[in-house]
Amino acid sequence: MDYKNLIAGQWDATSEACPNVNPSDVSDVIGTAAQSDTADMDRAIDSASAAAPGWAAATPQMRFDVLDFVGSEILARKAELGQLLSREEGKTLPEGIGEAARAGQIFKFFAGECLRQTGDRLASVRPGVEVDVTRAPVGVVGLITPWNFPIAIPAWKIAPALAYGNAVVMKPAELTPGCAWALAEIISRSGLPEGVFNIVFGKGSVVGQHMVDHPKVDAVSFTGSVPTGRGIAVACARSMKKVQLEMGGKNPMVVLDDADLDLAVEACLNGAFYSTGQRCTASSRLIVTDGIHDRFVAALTKAMQGLKVGNALEAGIQMGPVVDARQLEQNLSYLKIAAEEGGTVIGGEGLSLAQEGFYMAPALVTETRNDMRINREEVFGPVASVLRARDYDEALALANDSTFGLSAGICTTSLKRASHFKAHAEAGMVMVNLPTAGVDYHVPFGGTKGSSYGAREQGSYAAEFYTRVKTAYTLP
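A few points on the structure. (Residues numbered from 1 in each chain as written. Predicted model: local features only at pLDDT ≥ 70, side-chain atom pairs only at ≥ 80, totals over all residues. Heavy atoms only, no water.)

**Here's the deal with the overall build of the protein**
- For the protein, the helix and strand inventory stands at 15 helices and 25 strands.
- A compact globule built from 476 residues would reach a C-alpha radius of gyration of about 23 Å, and the protein, at 23 Å, matches this within 12%.
- Considered along the principal axes of its C-alpha atoms, the protein spans approximately 70 × 60 × 40 Å.
- A burial count over the protein gives 58% of its 476 residues as buried.
- Taking contacts inside the protein between residues at least 6 apart in sequence as the whole, the part at least 24 apart equals 74%. (Helix = DSSP H or I, 4+ residues; strand = E, 2+ residues; numbered from the N terminus. Rg over C-alpha atoms; globule rule 2.2 N^0.38 Å. Buried < 20%, exposed > 50% of the residue type's maximum accessible area, 1.4 Å probe, protein only. Contact = heavy atoms within 4.5 Å.)

**Regarding the pairing of strand β14 (residues 283-289)**
- The element β14 is extensively covered by neighbouring structure, given that seven of its seven residues are classed as buried.
- Of the strand pairs in this sheet, strand β13 (residues 251-255) and β14 are connected by five bridges, and their pairing is parallel. Along β14, the bridge assignment pairs Pro 252 with Arg 285.
- Regarding the hand of the β-α-β motif, the stretch spanning β13, helix α9 (residues 261-273) and β14 is right-handed.
- Relative to strand β19 (residues 383-389), β14 runs parallel, the two being bridged by five bridges. Paired with Leu 286 across the bridge in β19 is Val 386. (Pairing = 2+ DSSP bridges. Right-handed = clockwise from strand over helix to strand, strands pointing away.)

**Looking at the sheet that holds strand β5 (residues 25-34)**
- The mixed open sheet is built from three strands, whose spatial order is β1-β5-β4. Two strands in the sheet have a free side with no partner beyond their single neighbour: β1 (2-3) and β4 (17-22).
- Summarising the sheet, β4 and β5 pair through six bridges and their orientation is antiparallel. Bridging across to β5, Asn 20 finds its partner in Gly 31.

**Things to note about the packing of helix α3 (residues 78-89) against helix α4 (residues 93-114)**
- Axis separation between α3 and α4 bottoms out at 7 Å; the angle between their running directions is 125 degrees. When the axes of α3 and α4 are compared, the pair comes out oblique. Remark: the crossing between α3 and α4 carries right-handed chirality. Between α3 and α4, the residues in contact are Lys 78, Ala 79, Leu 81, Gly 82, Gln 83, Leu 85 and Ser 86 and Leu 93, Gly 96, Ile 97, Glu 99, Ala 100 and Ala 101, respectively.
- Partitioned by chemical class, the residues of the contact of α3 with α4 number seven nonpolar, four polar and two charged. (Axes fitted to C-alpha atoms, helices over the stretch in contact; angles between N-to-C directions. Parallel < 35°, antiparallel > 145°, perpendicular 65-115°, else oblique. Left-handed = near helix turned anticlockwise from the far one by under 90°. Nonpolar A, V, L, I, M, F, W, Y, C, P; charged D, E, K, R; others polar.)

**Some words on the packing of α3 against helix α6 (residues 177-188)**
- The geometry of α3 relative to α6 is characterised by a closest axis approach of 8 Å and an angle of 155 degrees between their N-to-C directions. Classified by the angle their axes make, α3 and α6 are roughly antiparallel. Of the residues in α6, those touching α3 at Leu 81, Leu 84, Leu 85 and Glu 88 are Pro 177, Gly 178, Cys 179, Ala 182 and Ile 186.
- Counted by class, the contact of α3 with α6 contains seven nonpolar, one polar and one charged residues.

**Here's the deal with the side chain of Gln 327**
- Assignment of secondary structure puts Gln 327 in helix α11 (residues 325-340).
- Looking at Gln 327, its side chain comes within polar contact range of the main-chain oxygen of Val 379, at 3.1 Å.
- Leaving out residues up to four positions away in the same chain, Gln 327 has contacts with Trp 147, Gln 278, Val 322, Val 379 and Phe 380. (Polar contact = N/O pair within 3.5 Å; in protein donor to acceptor, adjacent residues only side chain to side chain.)

**Some points on the packing of aromatic side chains**
- For the structure on display, the rule yields eight aromatic pairs.
- Here the aromatic rings of Trp 11 and Trp 181 are separated by 5.5 Å at their centres, their planes lie at 40 degrees, and the arrangement is tilted. Note that Trp 11 is positioned in strand β3 (residues 10-12) and Trp 181 in helix α6, a separation of 170 residues in sequence.
- Trp 181 gets classed as buried once you look at its relative accessible area, which sits at 17%.
- Judged by centre distance (5.2 Å) and plane angle (40 degrees), the rings of Trp 156 and Phe 445 are tilted. (Phe/Tyr/Trp six-rings, centres within 6.5 Å; stacked < 30°, edge-to-face > 60°.)

**A word on unusual backbone geometry**
- In this structure, Thr 276 is a non-glycine residue whose phi angle is positive, near 55 degrees.
- Even without glycine at this site, Glu 367 takes up a positive phi of about 55 degrees.
- Following the sequence through the fold, Glu 367 ends up in the loop between β18 (363-366) and α12 (373-376).

**What about the sheet that holds β14?**
- Strand order across the open sheet formed by seven strands is β15-β18-β19-β14-β13-β21-β22, with mixed pairing between neighbours. Of all strands in the sheet, those with a lone pairing partner are β15 (344-347) and β22 (429-432), marking the two edges. Along the sheet, successive strands turn relative to each other by an average axial angle of 20 degrees, direction set aside.
- Pairing between β15 and β18: four bridges, direction antiparallel. Within the sheet, the bridge partner assigned to Thr 344 lies in β18 and is Thr 366.

**Quick notes on the nonpolar core**
- Core analysis: the biggest nonpolar cluster contains 68 residues, and Leu 67, Phe 107, Phe 110, Ile 158 and Phe 197 have the highest contact counts within it.
- Looking at this core, the element that brings in the most residues is helix α5 (residues 152-163), giving nine residues.
- Beyond its immediate sequence surroundings of up to four residues, Phe 110 is in contact with Leu 67, Ala 159, Pro 160, Ala 163, Tyr 164, Gln 458, Gly 459 and Ala 462. (Core = buried A, V, L, I, M, F, W, Y, C linked by side-chain atoms within 4.5 Å.)

**Some remarks on the environment of Pro 172**
- With respect to the helices and strands, Pro 172 occurs in the loop between β9 (167-171) and α6.
- For the pair Pro 172 and Pro 154, spaced 18 residues apart in the sequence, the C-alpha separation amounts to 7.9 Å.
- Sequence-distant contacts of Pro 172, defined by excluding residues within four places in its chain, comprise Thr 145, Ala 180, Ile 199, Val 200 and Phe 201.

**Things to note about the side chain of Ser 86**
- If you trace the backbone, Ser 86 turns up in helix α3.
- Since its relative accessible area comes to 0%, Ser 86 is described here as buried.
- Among residues more than four places away in sequence, those in contact with Ser 86 are Lys 91, Thr 92, Leu 93, Gly 96, Ala 312 and Leu 313.

**Observations concerning the pattern of salt bridges**
- Taken as a whole, this structure holds 24 salt bridges when the rule is applied.
- As a salt-bridge pair, Asp 68 and Lys 108 come within 2.8 Å of each other at their nearest N and O atoms. Taken together, the residues Asp 68 in helix α2 (residues 60-76) and Lys 108 in helix α4 connect sequence positions 40 residues apart.
- Shared partners join several salt bridges into a network, and the residues in it are Glu 73, Arg 77, Glu 80, Glu 185 and Arg 189. (Salt bridge = Lys/Arg side-chain N within 4 Å of Asp/Glu carboxyl O.)

Dropping the structure here:
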């Protein structure tokens, strides 16, 4: 399969192509993706700019029909799309199918939002003057999406952008072009006018940066690493673009003495190791109070070591491979550093299975301090560290001692402690007796501090980024 650019409604190949390799079986080349240059991006942006006024004037019914079509087809094909996702990204097949279904639900939700857009009619302080407050599209929106959720995250950026009347240029992750192309192919048959949605494959340093710097792009939404996100923020500030950034986390899960041990272990197992730990909301710092610490570590170690690691498409597999060789090397290097800094590493070794892939055992690092690199920097793999705390107050202080603030969780049977944690955890999302990873599609997503910048994603709050507020005065 050749994954071509979609520009002005036409599938457009480039002279160069990059192979899309299955991380569960490196001998399986899924397809090849276009390696575009800045001229390709220019044409895509020009196409979006030309199409934007017409789509901004489209009726709510027309927008609904387009998004509802996309959502319906994704849901009808969720098994097929989920298999593609698991094959190219490496999460287990049930997780891949679940993510595909979520993408369909996101498009369905924003189809409904097309018909729920409202404004305000206000009385002016001046007699006889009417005031209308409405929302208008931003214009051309550039989307830069990551590899770890290669269909859900594009969906939660594309769907609101289109629902609120914007034209889109998308630059998907290089490691997972198949899902992005499959989504674009569905959109291309949805009845959307040519040029309203465009996709350009290629290197972020080339076409992604060119999109960020382009004067015809009015807003940029990015999900990815902290260094890249900060660079995009600076570039957008120079040209006065709207910018929305999601940049990861070092998410704490607090386990108190009064927690239900089985529930806490399951929540941490899920949050830390499912999806191979390749989630910005993963539970990477487990902060456990003295009274339950030893029992918790023993129980979680046993559960972790019982996880079945293997080919993402095989039945019964609970953890698939890491996405590529570079990520695997990074994960293993962090475990080496953690051991050198005094931590005790349980598991985490590279695995050689029947099919050559990027496999590692899940890892737990105990006896850590919060100043160790394993607790300060995002690893982005199946690696969790354990921090011992004297009591709830110290646990909360440790949880908040981070430059990140995306998601935070607590396991406790105390309503008082749960309520206090919800109010005082320095995170954009807080979970009580639930994994830090796993959120609904109809509510806002985002964090604080170094995790996020700009308006929230998902749900009706997405309107804050994808629209501009307009105030109009009328003297009848």
